[in-house]
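Summary of the model geometry
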Amino acid sequence: TYNTVMLHTKGKVSVNSGQYIEFKLKPAKGNGFWSIAWIMPNSWPSDCASGPLAQNYEMDVFEHLGRSPNQLTMTTHVRSPSNCSQLDHDSTTYTGSDLTTDFHTVGVNWFDTYTEIYLDGVKRFTSSKFAGHNEPGFIILNGFLGRAGDNWAGGPDASTPNEAAFLVDYVRVWNRN
């Protein structure tokens, strides 16, 4: 059997514009695995229908699909505060060496008018779609297993290893003052 795990800092640690957030991660390899580090606003409810949000964004810092071990997707989403539908987004996919063979540092430089995402010290993505979305947020680390019919992660199959792990060495946050 497989398990999906999620760790978040909501109500414990907030991050926001004016900070540099760094993760040291090693993603899982294999069909169906989806290793994710992302940030959501503190006002994010468990159900979007529960009422309008102060701000509504999603910053996908590290999205790694185990079936594509040499690719990393980075995305900023801006959503409607009233119904959570996507209004706009900016995304890029980095292709390089197999990211599952070792730990990698991924950093977010969060400014008021844009964000930068770094992989192993090299800037790989800049987005201005995030401008004005400065509500403090919380960090989510998610080792996910897709299901059959899942168009993004895909489901496990005969080639999926019996054991895999999304490893997190650390998460660090610095103020830029």
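Residues numbered from 1 in each chain as written. Predicted model: local features only at pLDDT ≥ 70, side-chain atom pairs only at ≥ 80, totals over all residues. Heavy atoms only, no water.

What follows concerns the overall build of the chain. What the chain contains, in helices and strands, is 0 helices and 11 strands. Secondary structure elements of the chain occur, N-terminal to C-terminal, as β-β-β-β-β-β-β-β-β-β-β. Split into buried and exposed, the 177 residues of the chain put 47% on the buried side. A separation of at least 24 residues holds for 70% of the contacts in the chain among residues at least 6 apart in sequence. Total accessible area on the chain is roughly 8,700 Å²; 49% of this is exposed by carbon and sulfur atoms. (Helix = DSSP H or I, 4+ residues; strand = E, 2+ residues; numbered from the N terminus. Buried < 20%, exposed > 50% of the residue type's maximum accessible area, 1.4 Å probe, protein only. Contact = heavy atoms within 4.5 Å. Areas by Shrake-Rupley, 256 points an atom, 1.4 Å probe, with all protein chains shown as cover.)

All right, on to the pairing of strand β9 (residues 122-127) then. Relative to β9, strand β8 (residues 115-119) is paired through 5 bridges, and the arrangement is antiparallel. Across the sheet, Thr 115 pairs through a bridge with Ser 127, a residue of β9. In sequence, β8 turns back onto β9 through a hairpin of 2 residues, with Asp 120 there showing a positive phi of about 50°. (Pairing = 2+ DSSP bridges.)

This next bit is on the sheet that holds β9. If you walk across this open sheet you meet the 5 strands as β9-β8-β7-β2-β11, and the pairing is antiparallel. Two strands close off the open sheet at either side, each with one partner strand: β9 and β11 (167-175). Strand-to-strand, the axes of this sheet are offset by a mean angle of 15°, without reference to chain direction. Looking at chain direction, strand β2 (residues 19-26) and strand β7 (residues 104-110) are connected through 7 bridges and run antiparallel. Within β7, the residue paired with Leu 25 across the bridge is His 104. (Axes fitted to C-alpha atoms, helices over the stretch in contact; angles between N-to-C directions.)

In this section: the pattern of salt bridges. Evaluation of the coordinates by the stated rule reveals 3 salt bridges. Here Lys 123 makes a salt bridge to Glu 116, at a shortest N to O gap of 3.4 Å. For Glu 116, a relative accessible area of 8% translates into the label buried. (Salt bridge = Lys/Arg side-chain N within 4 Å of Asp/Glu carboxyl O.)

Keep in mind these numbers describe shape, not what the thing actually does.
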